[in-house]
Amino acid sequence: SQTIHQWPATLVQPVGSPLSLECTVEGTSNPNLYWYRQAAGRGLQLLFYSVGIGQISSEVPQNLSASRPQDRQFILSSKKLLLSDSGFYLCAWTSSYGYTFGSGTRLTVV
Amino acid sequence: GESVGLHLPTLSVQEGDNSIINCAYSNSASDYFIWYKQESGKGPQFIIDIRSNMDKRQGQRVTVLLNKTVKHLSLQIAATQPGDSAVYFCAETPPGTYKYIFGTGTRLKVLA
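Here's what I pulled together on the structure shown here. (Residues numbered from 1 in each chain as written. Chains lettered and ligands numbered in written order. Predicted model: local features only at pLDDT ≥ 70, side-chain atom pairs only at ≥ 80, totals over all residues. Heavy atoms only, no water.)

Okay, the interface of chain B and chain A next. Counting from both sides, the interface comprises 16 residues of chain B and, opposite them, 21 residues of chain A. When chain B packs against chain A, close to 1400 Å² is buried across both sides, 60% of that on carbon and sulfur atoms. Inspection of the region where chain B meets chain A yields one salt bridge. For Glu59 of chain A, the salt bridge is made with Lys99 of chain B, and the minimal N-O distance between the two is 2.9 Å. Of the residues belonging to the side of chain B that touches chain A, the class tally is nine nonpolar, five polar and two charged. (Contact = heavy atoms within 4.5 Å. Buried area = accessible area lost by both parts, 1.4 Å probe. Salt bridge = Lys/Arg side-chain N within 4 Å of Asp/Glu carboxyl O. Nonpolar A, V, L, I, M, F, W, Y, C, P; charged D, E, K, R; others polar.)

The following block contains the structure:
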């Protein structure tokens, strides 16, 4: 079966520290992968998407970067976190029914 | 830029009543639309979708209506239950892109 894994579930990081969030997909090959961010009580903002290994498209200029080192692995990173990076980060892939989302990572930058 | 917006940020309905959540989209060429449900602290979950060659699609207790003339999408939930309480997002897919554009969401509150 096709599943998507995202970790960690929650993260508290100090301002200026690095970030690495990982997302992996099982049961499919060459998926389109996405990173979204959701601020508290707000909608979903597309950050990055990838249609293949090493192919990253950035939607919003910001303090974050993404990488896709393997077909089913998508990583969201930052060298130095800002307070404004706090939010709920969601990984998704394009399945038969639109997106399938991961369970999300709640990041709090303090 | 392109956007999908929702008319009502919060909707409160009595348990057992029908709910209607509305959405306006901006790209008249968008050819695929999805409604998602997001419960607190969880990722959005697919509810129902509709392609632009249809104007209505029914699921289990849910119906999506598409009016391309006015670029309007709605989600109808029949006999609303407490478990329907969540934030609902609509999303559109412009043709030739890999990305979906989400609205800000509508919070549905079911009153006992």
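Residues and elements named next belong to chain A. Counting buried positions along strand 8 (residues 73-78) gives five out of six residues, so the element sits mostly inside the fold. Note: strand 3 (residues 19-26) against strand 8, six bridges, orientation antiparallel. Within strand 8, the position partnered with Leu19 by the bridge is Ser78. Sheet topology places strand 7 (residues 65-70) next to strand 8; four bridges connect them, and they run antiparallel. Within strand 8, the residue paired with Ser65 across the bridge is Ser77. In textbook terms, the turn of a hairpin is the stretch between consecutive antiparallel strands, and for strand 7 and strand 8 this stretch comprises two residues. (Buried < 20%, exposed > 50% of the residue type's maximum accessible area, 1.4 Å probe, protein only. Helix = DSSP H or I, 4+ residues; strand = E, 2+ residues; numbered from the N terminus. Pairing = 2+ DSSP bridges.)

All names here are of chain A. By secondary structure assignment, the location of Gln13 is in strand 2 (residues 10-13). Owing to a relative accessible area of 18%, Gln13 belongs among the buried residues under this scheme. Among the polar contacts made by the side chain of Gln13, one reaches the side chain of Ser17 at a distance of 3.4 Å. At a separation of 3.0 Å, a polar atom in the side chain of Gln13 contacts the main-chain carbonyl oxygen of Pro18. Beyond its immediate chain neighbours, meaning those up to four positions away, Gln13 contacts Pro18, Leu81, Leu107, Thr108, Val109 and Val110. (Polar contact = N/O pair within 3.5 Å; in protein donor to acceptor, adjacent residues only side chain to side chain.)

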